[in-house]
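Take a look at the letters that make up each chain.
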Amino acid sequence: YGEGETLPADPERAFAWLLKSYEYHPHAEIGNILARRYLTGDGTDRDPYKARTCYEAGAAEGDPIAQEQLAILTRALSDPTISNDSAAIEDRCLEDLFRSCGVKFRN
């Protein structure tokens, strides 16, 4: 990720290498990381639909994290109050995730 004293942080380059790794070895764990980056816009443009594609691939592998995140993202994408605002979709996903863990997200 470029964190440390020898290399400066470079989220775009890190994302590019992560994507290349996923193309050569499409494993659910890497797909989950990519999906998160697509949701947050870390190193790439925000794109919840690309995130969904990554989670769908992991869910098809039987990965429980991908399955859970796919369900959360699907609910957020189908919420008519959010429309297509990717930041609002990310917030909704975080809210659902926190609530599923028993953590209060907002007052």
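Residues numbered from 1 in each chain as written. Predicted model: local features only at pLDDT ≥ 70, side-chain atom pairs only at ≥ 80, totals over all residues. Heavy atoms only, no water.

Colleague: Describe the overall build of the protein chain, listing the residues and the values that go with them.
Modeller: Along the backbone of the protein chain there are 5 helices and 0 strands. Secondary structure elements of the protein chain occur, N-terminal to C-terminal, as α-α-α-α-α. For the protein chain, with 107 residues in total, the buried portion stands at 35%. For the protein chain, contacts bridging at least 24 residues in sequence account for 35% of all contacts bridging at least 6. (Helix = DSSP H or I, 4+ residues; strand = E, 2+ residues; numbered from the N terminus. Buried < 20%, exposed > 50% of the residue type's maximum accessible area, 1.4 Å probe, protein only. Contact = heavy atoms within 4.5 Å.)

Colleague: Explain the side chain of D63 to me, and be specific about the residues and the numbers.
Modeller: On the secondary structure map, D63 appears in the loop between α3 (48-60) and α4 (64-77). Nearest to the buried, unbridged D63 among oppositely charged side chains is R36, at 12 Å. In contact with D63, not counting residues within four places along its chain, are A28, N32 and G58. (Lys, Arg positive; Asp, Glu negative; His and termini not counted. Salt bridge = Lys/Arg side-chain N within 4 Å of Asp/Glu carboxyl O.)

Colleague: Describe in detail the packing of helix α1 (residues 11-24) against helix α2 (residues 28-40), supporting the description with residues and values.
Modeller: Interhelical geometry of α1 versus α2 gives an angle of 140° and a closest axis separation of 10 Å. Relative to α2, the element α1 is oriented oblique. When the axes of α1 and α2 are compared, the crossing they make is left-handed. Contacts between α1 and α2 involve F15, L18, L19, S21 and Y22 on the former and, on the latter, I30, G31, I33, L34, R37 and Y38. Residues that form the contact of α1 with α2 fall into these classes: 8 nonpolar, 2 polar and 1 charged. (Axes fitted to C-alpha atoms, helices over the stretch in contact; angles between N-to-C directions. Parallel < 35°, antiparallel > 145°, perpendicular 65-115°, else oblique. Left-handed = near helix turned anticlockwise from the far one by under 90°. Nonpolar A, V, L, I, M, F, W, Y, C, P; charged D, E, K, R; others polar.)

Colleague: Quick rundown of the nonpolar core? Include the residues and the values.
Modeller: Formed by 22 residues in total, the largest nonpolar core has its most connected members in L34, L39, A51, Y55, L73, I89 and C93. Considering each element in turn, this core owes the most residues, 6 residues, to α4. (Core = buried A, V, L, I, M, F, W, Y, C linked by side-chain atoms within 4.5 Å.)

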